[in-house]
Amino acid sequence: LATVQLNGKWGFVDKNGTMVIPAKYDRALNFSEDLAPVKINGKYGFIDKTDTMVIPARYESALMFCDGLAPVVINNRWGYIDKSGAVAITPRYESALYFTEGLAPVQINNKYGFIDKTGTLVIPALYDFTWSFHEGLVQVKINGKCGFIDRKGEMVIPAIYDDSIWTSFSNGTVEVSLNGRRFLIDRNGNEVPE
């Protein structure tokens, strides 16, 4: 199912464009792991594909489930819940994104680092911005430039690239920009001919 907006409200259509879940939500994100975050009456909850509210709408904000956990906001802080709606990682972050490959980026004191599923900070919050891990690497921004770190937090591709492109590795390559020129590099930082 995919989200659609109709008359200022959000609902879901199937691959044929048939409205399956009526456009009645203030906001909706796509389904992931069989649940979708939806906003109704100023709060976010999670519905299943039958439009049943599985996790009550009680969060200030929410993102999709990935790796069994979803980022949510409780009392102006981001944390994580599991599919039963139980708090899995205490809300204490300024910002949080999805778990991928067992790690999630979180913001602490205006810098980003990575936690594991126990909430332990495993990569220190040193970065101005970051994204989610793909193929064992993630793009990070530091001192106005972007590079790539591994799951140990080691810089494997130097932070020399422009921050105009935020993409992830796919099939061993990623698109970057340097001095306005866009091109592909491999996991060693070498340019890949097109």
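Shown above is the structure to which this text applies.
Given the structure is predicted, the values throughout are model-derived calculations rather than measurements.

Thresholds applied
Residues numbered from 1 in each chain as written. Predicted model: local features only at pLDDT ≥ 70, side-chain atom pairs only at ≥ 80, totals over all residues. Heavy atoms only, no water. Salt bridge = Lys/Arg side-chain N within 4 Å of Asp/Glu carboxyl O. Helix = DSSP H or I, 4+ residues; strand = E, 2+ residues; numbered from the N terminus. Pairing = 2+ DSSP bridges. Core = buried A, V, L, I, M, F, W, Y, C linked by side-chain atoms within 4.5 Å. Buried < 20%, exposed > 50% of the residue type's maximum accessible area, 1.4 Å probe, protein only. Contact = heavy atoms within 4.5 Å. Axes fitted to C-alpha atoms, helices over the stretch in contact; angles between N-to-C directions.

J.: Would you explain the pattern of salt bridges in this entry?
T.: All chains considered together, the criterion is met by eight salt bridges. Between Arg 181 and Glu 191 there is a salt bridge; the shortest N-O distance is 3.0 Å. Placement of Arg 181 in strand E21 (residues 181–186) and of Glu 191 in strand E22 (residues 191–192) is noted, with a sequence separation of 10 residues between them.

J.: Whenever I open this one, the sheet that holds strand E11 (residues 87–93) confuses me. Can you help?
T.: Sheet strands pair via backbone hydrogen bonds, and the direction of the pair is either parallel or antiparallel. The four strands lie next to each other as E8-E9-E10-E11, forming an open sheet whose pairing is antiparallel. The open sheet terminates on both sides in strands that have one partner only, identified here as strand E8 (61–62) and E11. Here strand E9 (residues 70–74) pairs with strand E10 (residues 77–81) via five bridges, running antiparallel. In the sheet register, Val 72 faces E10, and the bridge partner there is Gly 79.

J.: Looking at this model, I keep getting lost on the nonpolar core. Mind explaining?
T.: Nonpolar side chains in soluble globular proteins tend to be buried together. Counting 15 residues, the largest nonpolar core has Trp 78, Tyr 80, Ile 89, Tyr 93, Phe 99, Val 106 and Ile 115 as its most contacted members. Put simply, the parts of the chain that give this core at least two residues each are E10, E11 and strand E13 (104–108). In this view, Ile 89 contacts Leu 69, Gly 79, Tyr 80, Phe 99, Ile 115, Asp 116, Lys 117, Thr 118 and Gly 119; residues no more than four positions away in its chain are not counted.

J.: What should I look at first to understand the pairing of E11 in this one?
T.: Strand residues, when the strand is regular, have side chains that alternate between the two faces of the sheet. Pairing of E10 with E11, which is carried by three bridges, proceeds in the antiparallel orientation. By the bridge assignment for E11, Ile 81 is matched with Val 87. Where E10 folds back onto E11 in an antiparallel hairpin, the turn is made up of five residues, including Gly 85, whose phi is positive at roughly 90 degrees.

J.: Explain the sheet that holds strand E2 (residues 9–13) here, please?
T.: In space, the three strands of this open sheet follow the order E1-E2-E3, with antiparallel pairing throughout. In this open sheet, the two strands that pair with only one neighbour each are strand E1 (2–6) and strand E3 (19–25). Strand after strand, the sheet turns through a mean of 25 degrees between neighbouring axes, direction not considered. Here E1 pairs with E2 via five bridges, running antiparallel. The residue bridging Gln 5 from the neighbouring strand is Trp 10, located in E2.

J.: Sorry, what's going on with unusual backbone geometry here?
T.: For residues that are not glycine, phi is negative in most cases, and the peptide bond is trans in most cases. If you check the backbone angles, Asp 34 has positive phi at about 70 degrees while not being a glycine. For Asn 75, which is not glycine, the phi dihedral falls at a positive 55 degrees. Within the element layout of this structure, Asn 75 appears in the loop between E9 and E10. For Asn 75, a relative accessible area of 64% gives the class exposed.

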